[in-house]
Amino acid sequence: INDLYGHAAGDEVLKLVARRLRQVVRMSDTVGRLAGDEFIIALTDVADGDVGDQVASKIIEALSEPFLILDAELFCLPSIGITYFPDQADSVEALLRNADIAMYHAKLLGDRRHIAFSEDMAQRSIEMMNLENDLRHALNREELELHYQPKVSGHDGSVVGAEALIRWRHPRLGLVGPGDFIPLAEESGLIIPMGRWTLVTACKQYMLWQAEGIAPDSVSVNVSMRQFTDTSLLESVRDVLETTGIPPGCLDLEITESVMTGNVERAVSILNGLKSLGVTLSMDDFGTGYSSLNYLKTFPIDTLKIDQTFVRDLSHDTKDAAIVTTIVTLARNLGFNVIAEGVESHDQLAFLIGSDCPLFQGYLASRPLPVDAFTEFLRS
Ligand code: C2E
Ligand code: CA
Ligand code: CA
Ligand code: CA
């Protein structure tokens, strides 16, 4: 193993990592660690996806057991970029650049993932770098906007809440959806100021609706994993309650089950902190993550949101129907509210109402609307 970066040579972790990798990597391969758990590997074979996959899988496996350092368990969740040398790069500079591009893509895929460099990846990487750069300015240039989707009662069509969903009005690309920039915002850390902006904007808007006498019971704001674990979240929420004057019970935060996969004690303590401010908490996309029912018991959650993947085929998939009724029963028995998302048809809604889940969100009631259109929707 050649340590590509000399300054890391003294690093205890690196030594331990190197010791493990020596067992699984061939003499001809080069493994380097860029930083933290960012790894690159250079293979001397002709570009062949199978070889890269095999080597990377072995590395991930070798690192899957935690490292014991000073009595602490250290987990390594590597992201690995693979490149073939000299097939894909004719100089060390090109090799490092390509491996780094691949590593960056692996990181966007998540922990313990690997991907091999390709020419289109280089192209996309340039586009992403441009996008990330644009995103940095988007906040100051007021290019971000919130659209709102109603949460509705299926009994009488009344609007009980509004979920804020972020959009980016890009000067060249037009309206960009969150799926195309939230991962980038998370990776770059921009999600933190962006999340703060979203909170403030949604709460201010709620107060405008309240002043006009058309406000629903609450406004919901999405909080991603990275925001959730950031130490500033509690402070941001406290701040927004104070500066906007929104009644705490009218602000709902939507989190996902992923918060249960990290440090559970810490997650519970953050949730309790938020609850003590008086806001309500919804568990978004429920049923798609790694929920442990045991944790659910200890989480101070108010509402379960049934994920739209279960709602989609409700009318003709008996298994989805069973899952939906089971989630409703679970919610009722644990004392949570329950709401279904992604409702597009009357059939789906009829099933939900019959299953004691009358609250829903979905195109059947309305798509997410720009603020003016949503305000009209509330007035009518
Ligand atoms: P989500 O929180 O699960 O939001 C629901 C998504 O489903 C939204 O997509 C919404 O437009 C879409 N949707 C609503 N009703 C229907 C329906 O009847 N049928 C179908 N097919 N889709 C429906 P969107 O707006 O593209 O948002 C995607 C995801 O991006 C959200 O999923 C949420 O996780 C994330 N997101 C959106 N806004 C924010 C934000 O301000 N902050 C953070 N951290 N994440 C956000
Ligand atoms: Ca990682
Ligand atoms: Ca949501
Ligand atoms: Ca959802």
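Residues numbered from 1 in each chain as written. Chains lettered and ligands numbered in written order. Predicted model: local features only at pLDDT ≥ 70, side-chain atom pairs only at ≥ 80, totals over all residues. Heavy atoms only, no water.

A. Region of the structure containing helix 2 (residues 49–62). Taking 1.5 Å per residue as the helical rise, helix 2 with its 14 residues ought to reach 20 Å, and the 20 Å between its terminal C-alpha atoms agrees with that figure. For helix 2, the set of buried residues is Val-51, Gly-52, Val-55, Ala-56, Ile-59, Ile-60 and Ala-62. Seen along its axis, helix 2 keeps its buried residues to an arc of 165 degrees; they face one direction. Residues of helix 2 that are exposed and point more than 90 degrees away from the buried face comprise Asp-50, Gln-54 and Glu-61. (Helix = DSSP H or I, 4+ residues; strand = E, 2+ residues; numbered from the N terminus. Expected span 1.5 Å × (residues − 1). Buried < 20%, exposed > 50% of the residue type's maximum accessible area, 1.4 Å probe, protein only. Arc of directions from axis to C-beta.)

B. Representation of the confidence of the model for the protein. Chain-level statistics for the protein give a pLDDT mean of 89 and a share of 95% at 70 or above. Contacts for the low-pLDDT stretch residues 1–10, under 50 throughout, to residues beyond four places or in other chains number 20 contacts. (pLDDT = per-residue confidence, 0-100. Contact = heavy atoms within 4.5 Å.)

C. Representation of the coordination of the calcium ion (ligand 3). Distances from the calcium ion (ligand 3) to its protein donors, Glu-163 (OE), Asn-222 (OD1), Glu-254 (OE) and Asp-284 (OD), fall within 2.1 to 2.3 Å. Of note, the donors binding the calcium ion (ligand 3) are all from one chain and are spaced E-x58-N-x31-E-x29-D. Here the calcium ion (ligand 3) and the calcium ion (ligand 4) are spaced 4.1 Å apart, with Asp-284 acting as a shared donor. Here Glu-163 is found in strand 8 (residues 159–170), whereas its partner Asp-284 is found in strand 12 (residues 280–286), with 121 residues between them in sequence. A residue is classified by how much of its surface remains accessible, and Glu-163, at 4% relative accessible area, is buried. (Donors = N, O, S within 2.8 Å, 3.2 Å for Na, K, Ca; no water.)

D. Focus on the site of ligand 1. Taken together, 21 residues sit near ligand 1, with Gln-149, Arg-167, Asp-284, Glu-344 and Tyr-363 positioned nearest. At 3.0 Å from an oxygen atom of ligand 1 is found a side-chain nitrogen or oxygen belonging to Asp-284. At 2.5 Å from a nitrogen atom of ligand 1 is found a side-chain nitrogen or oxygen belonging to Glu-344. A total of 800 Å² of accessible area belongs to ligand 1 in isolation, and the protein chains cover 79% of it. Put simply, the parts of the chain that give the shell around ligand 1 at least two residues each are strand 8 and strand 12. For the shell around ligand 1, the leading source of residues is strand 8, giving 4 residues. Of the residues assigned to the shell around ligand 1, the class counts are 7 nonpolar, 8 polar and 6 charged. (Near = heavy atom within 4 Å. Polar contact = N/O pair within 3.5 Å; in protein donor to acceptor, adjacent residues only side chain to side chain. Areas by Shrake-Rupley, 256 points an atom, 1.4 Å probe, with all protein chains shown as cover. Nonpolar A, V, L, I, M, F, W, Y, C, P; charged D, E, K, R; others polar.)

E. Geometry of the environment of Gly-335. The residue Gly-335 is located in the loop between helix 12 (318–334) and strand 14 (337–340) in this model. Judged by its relative accessible area of 60%, Gly-335 is exposed. Taking C-alpha positions, Gly-335 is 20 Å from Pro-248, a pair spaced 87 residues apart along the chain.

F. Here's a closer look at the pattern of salt bridges. Counting across every chain of the model gives 16 salt bridges. Measuring nitrogen to oxygen at the nearest pair gives 2.8 Å for the salt bridge that ties Lys-151 to Glu-254. Taken together, the positions of Lys-151 in strand 7 (residues 144–153) and Glu-254 in strand 11 (residues 251–256) put the pair 103 residues apart, joining distant regions of the chain. Neither Lys-151 nor Glu-254 differs from the other in exposure class; each is buried. Taking the shortest distance from any N to any O, the salt bridge between Glu-376 and Arg-379 comes out at 2.8 Å. Remark: Arg-379 and Glu-376 occur in helix 14 (residues 371–379); sequence separation between them is 3 residues, near one turn of the helix. (Salt bridge = Lys/Arg side-chain N within 4 Å of Asp/Glu carboxyl O.)

G. Geometry of the packing of helix 6 (residues 191–212) against helix 14. It is the contact of helix 6 with helix 14, at a shortest axis distance of 12 Å, that shows an interaxial angle of 30 degrees. Of the two elements, helix 6 crosses helix 14, and the hand of that crossing is right-handed. Together, Gln-205, Trp-209 and Glu-212 of helix 6 and Val-371, Phe-374, Thr-375, Leu-378 and Arg-379 of helix 14 make up the contact between the two elements. A breakdown of the residues in the contact of helix 6 with helix 14 according to their chemical character gives 4 nonpolar, 2 polar and 2 charged. (Axes fitted to C-alpha atoms, helices over the stretch in contact; angles between N-to-C directions. Left-handed = near helix turned anticlockwise from the far one by under 90°.)

H. Structural context of the coordination of the calcium ion (ligand 4). Surrounding the calcium ion (ligand 4) are the protein donor atoms Asp-284 (OD), Asp-285 (OD), Glu-341 (OE) and Glu-341 (OE), which sit 2.2 to 2.6 Å from the metal. Counting along the primary sequence, the residues that act as donors to the calcium ion (ligand 4) give the motif D-D-x55-E.

I. Spatial organisation of the sheet that holds strand 1 (residues 30–35). The strand order across the open sheet built from 4 strands is 1-2-5-6, with neighbouring strands paired in mixed fashion. Edge positions in the sheet fall to strand 1 and strand 6 (113–116), since each of these pairs with one other strand and no more. Neighbouring strand axes in the sheet, compared pairwise and without regard to direction, differ in orientation by 20 degrees on average. Along the sheet, helix 2 contacts strand 1, strand 2 (38–43), strand 5 (79–84) and strand 6; its crossing angle with strand 5, the most-contacted strand, is approximately 150 degrees. Here helix 3 (residues 92–109) sits on the sheet in contact with strand 1, strand 2, strand 5 and strand 6, set at roughly 145 degrees to strand 5. (Pairing = 2+ DSSP bridges.)

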